[in-house]
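Chain by chain, the residues:
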Amino acid sequence: MANRDKVSLSDDIEVTSSSPDDGRIKKKFGNITAYPHEYLIHFRNGQLHEKTSGQGGSCFKWPRDTVFIIPTSLKEIIFQANQLSADNVDVRLRGMVVYRISKPMQIYTMLNFSSRQNAEEKLARMIGDLCRSTAKWMVANMRMEDCMRKRKEDIAESLKSEVSRIVGDEEKGWGVEIVTIDIQDVYIQDAEIFSAMQAQFKSDKTRESQLIKLENEKELEAKKLEQERYLAEHRKSKELEKARIEAEIKKEQIRLSRENEEKQFALDRYRVEQNEAMSKYKLEQELARDRQKMILKAEISQQDIEAKKMAQEAEISALEKRIEVENSSNETSMERLFIETALPSIANALAKSMSNTKVNIYQQDAKGGSPFKFMLTELLDIMQERISSMQEKKTK
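Colleague: What should I look at first to understand the overall build of the protein chain in this one?
Modeller: When its secondary structure is counted, the protein chain shows seven helices and 11 strands. Pairs at least 24 residues apart make up 66% of the contacts formed inside the protein chain by residues separated by at least 6 positions. For the protein chain, the accessible area works out to roughly 27300 Å², and carbon and sulfur atoms hold 53% of it.

Colleague: Would you take a moment to explain the packing of aromatic side chains for this structure?
Modeller: One pair of aromatic rings is described through two measures. These are the centre distance and the angle between the planes. Summed over all chains, the structure comprises four aromatic pairs. With a centroid separation of 5.7 Å and 50° between ring planes, the pair formed by F43 and Y108 is classed as tilted. Here Y108 lies in the loop between α1 (104-107) and α2 (116-140) and F43 lies in strand β4 (residues 38-44), a separation of 65 residues in the sequence. Consider the rings of F68 and Y108, whose centres lie 6.3 Å apart with planes at 35°: the pair is tilted. Highlighted residues: F68 in strand β8 (residues 66-71) and Y108 in the loop between α1 and α2, separated in sequence by 40 residues.

Colleague: Looking at this structure, how should I read the nonpolar core?
Modeller: As a rule of thumb, soluble globular proteins bury nonpolar side chains together. Within the largest apolar cluster, 42 residues are counted, with the highest numbers of intra-cluster contacts made by L123, I127 and L159. Per-element tally for this core: the top contributor is α2, with nine residues. Leave out the neighbours within four places in its chain, and L159 touches F79, C131, T134, A135, M138, I181 and I183. By size, the runner-up hydrophobic cluster in this structure holds seven residues, among which are A34, L40, C59 and I69.

Colleague: Mind showing me how you'd approach the pairing of strand β9 (residues 75-84) here?
Modeller: Side-chain positions along a regular strand alternate between the two faces of the sheet. Alignment of β9 against strand β10 (residues 90-101), held across 10 bridges, turns out to be antiparallel. If you follow E76 over to β10, its bridge partner there is V98. Remark: five residues form the turn of the hairpin made by β9 and β10, two consecutive strands paired antiparallel; N88 in that turn has positive phi of roughly 65°.

Colleague: What should I look at first to understand helix α4 (residues 151-167) in this one?
Modeller: An α-helical turn contains 3.6 residues, so any two residues separated by three or four positions project in the same direction. With 17 residues, α4 should cover 24 Å at 1.5 Å per step; its first-to-last C-alpha distance of 22 Å lies within 8% of that length. Those residues of α4 that sit buried are I155, A156, L159, V163 and V167. The buried side chains of α4 occupy one side of the element, clustering within an arc of 85° when seen end-on. Those residues of α4 that are buried lie in contact with β9, α2, α3 (144-149) and β11 (176-188).

Colleague: Can you help me understand unusual backbone geometry in this one?
Modeller: Note on backbone geometry: most residues besides glycine have negative phi, and most peptide bonds are trans. Phi at N45 is positive, roughly 55°, even though this residue is not glycine. On the basis of relative accessibility, which here comes to 55%, the residue N45 falls in the exposed class. Despite not being glycine, N88 has its phi angle at roughly 65°, a positive value.

Colleague: Looking at this model, I keep getting lost on the confidence of the model for the protein chain. Mind explaining?
Modeller: In low-pLDDT regions, the fine details of the predicted coordinates are not to be read closely. Chain-level pLDDT for the protein chain is 79 on average; 76% of the residues reach the 70-or-more range. For the stretch residues 362-366, pLDDT sits under 50, and the model shows three contacts to residues farther than four places along the chain or on other chains.

Colleague: I keep staring at a nonpolar patch on the surface and nothing clicks. Help me out?
Modeller: There is a patch of nonpolar side chains on the surface, built from F29, F60 and W62 and spanning about 320 Å² of accessible area. The residue W62 is located in the loop between β7 (58-61) and β8 in this model. W62 gets classed as partly exposed once you look at its relative accessible area, which sits at 40%.

Colleague: What exactly am I supposed to notice about the packing of α2 against α4 here?
Modeller: When two helices pack together, their arrangement is given by the angle between the helix axes and the distance between those axes. Axis separation between α2 and α4 bottoms out at 10 Å; the angle between their running directions is 135°. The angle between α2 and α4 places the two elements in the oblique class. The interaxial crossing formed by α2 with α4 has right-handed handedness. Counted together, L130, C131, T134, A135 and M138 of α2 and D154, I155, S158, L159, E162, V163, I166 and V167 of α4 form the full contact between these two elements.

Colleague: So what exactly am I meant to see when it comes to the environment of I78 here?
Modeller: Among the structural elements, I78 can be located in strand β9. The exposure class of I78 is buried, given its relative accessible area of 9%. Placed 20 residues apart in sequence, I78 and V98 show a C-alpha to C-alpha distance of 9.1 Å.

Colleague: Can you help me understand the pattern of salt bridges in this one?
Modeller: Summed over all chains, the structure comprises 16 salt bridges. Residue E38 pairs with R116 through a salt bridge whose shortest N-O separation is 2.7 Å. Note that E38 is positioned in strand β4 and R116 in helix α2, a separation of 78 residues in sequence. Across the pair, exposure class does not vary: E38 and R116 are buried alike. Here E120 and K75 are joined by a salt bridge, their closest N and O atoms 3.6 Å apart.

Colleague: What is the right way to read the side chain of S85 from this model?
Modeller: Tracing the backbone shows S85 in the loop between β9 and β10. S85 sits in the buried class, given a relative accessible area of 4%. Look past the residues within four positions of S85 in its chain and what remains in contact with it is V91, V139, A140, M142, R143 and M144.

Colleague: What exactly am I supposed to notice about the side chain of T134 here?
Modeller: Its place among the elements puts T134 in helix α2. T134 has contacts with L159, E162 and V163, leaving out every residue within four places of it along the chain.

Procedures and definitions
Residues numbered from 1 in each chain as written. Predicted model: local features only at pLDDT ≥ 70, side-chain atom pairs only at ≥ 80, totals over all residues. Heavy atoms only, no water. Helix = DSSP H or I, 4+ residues; strand = E, 2+ residues; numbered from the N terminus. Contact = heavy atoms within 4.5 Å. Areas by Shrake-Rupley, 256 points an atom, 1.4 Å probe, with all protein chains shown as cover. Phe/Tyr/Trp six-rings, centres within 6.5 Å; stacked < 30°, edge-to-face > 60°. Core = buried A, V, L, I, M, F, W, Y, C linked by side-chain atoms within 4.5 Å. Buried < 20%, exposed > 50% of the residue type's maximum accessible area, 1.4 Å probe, protein only. Pairing = 2+ DSSP bridges. Expected span 1.5 Å × (residues − 1). Arc of directions from axis to C-beta. pLDDT = per-residue confidence, 0-100. Patch = residues over 30% accessible without salt bridge, like charges linked within 9 Å, V, L, I, M, F, W, Y side chains within 5 Å. Salt bridge = Lys/Arg side-chain N within 4 Å of Asp/Glu carboxyl O. Axes fitted to C-alpha atoms, helices over the stretch in contact; angles between N-to-C directions. Parallel < 35°, antiparallel > 145°, perpendicular 65-115°, else oblique. Left-handed = near helix turned anticlockwise from the far one by under 90°.

And the structure:
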């Protein structure tokens, strides 16, 4: 089966696809099968044979049977309509309708599908005329500008709703589903009006372009000023940050310098204190040595005095005994008595007087001698004096 494209039903309605008649339903008897996009209706003895009827159905036709094949595929109609708008402008619409037979059991009672091509052309013409009349009514109640600007919202959708309400009604409809309606073109028939509109459109577009250009320049200038302001603020913040850092560095340097000065002052003071302490210590040591020397000299002087005192006491005692001995003995016995009695007494007295005495020995040169030598020399002198005195007394 071949399809025929762009069948012109009239100057204003055109079917882009239609189904030509075929020989299947013209058979007297035999198997008849519908394609998947077709609906087969089978009558036998004047009654609908439901078992063999259906989408893409198949049946065996007897001479007394009746068979219809109804297409359920999508069909397209191109329609045109001229109409004066509400503001008296001659407008020509060009639209497109896509539809399909959704209820074959409803439409076969309204159209004779024994000639399938005629039935489809008649259905297309009716839908096209319905769309044209409805579109003309809508344009008559709209201004030309609305027809141009709102053809999708105000015309196409309203047209689909109105046509669908008529052909798709459940009880009184045609069993047809309107898939979509679109207004493809809107023409202004009057050339002068069209030129004037074009001129106005160009003027509006030029003005709009200039406004957009000015707006863009203004926006660009504002962005430029904003950028400059941002850069200035950024530069200012950087300078402030730099100044703050420099101030902090200077403050830190001053603090470190002050700390160094304090540390240096503390160090100098510590050195002075150490020097003063050292000087004081040296002075105390010298004073202590001088004091020790004075004490030693005093002790030596005291020992000398005590030794002399003891020696004198011993001498006196020895003289008294010697006098007694002289009165009772000779010279030899007196010397022996002195050696045995006086000398031990003098030694004991001298030892007793020096028992608690701390003696510091200082190195002396060869001329100076030592304290012990001095003491022995003194002791010998005392003894020599006593002996001389005894001899003088004896001579007398």
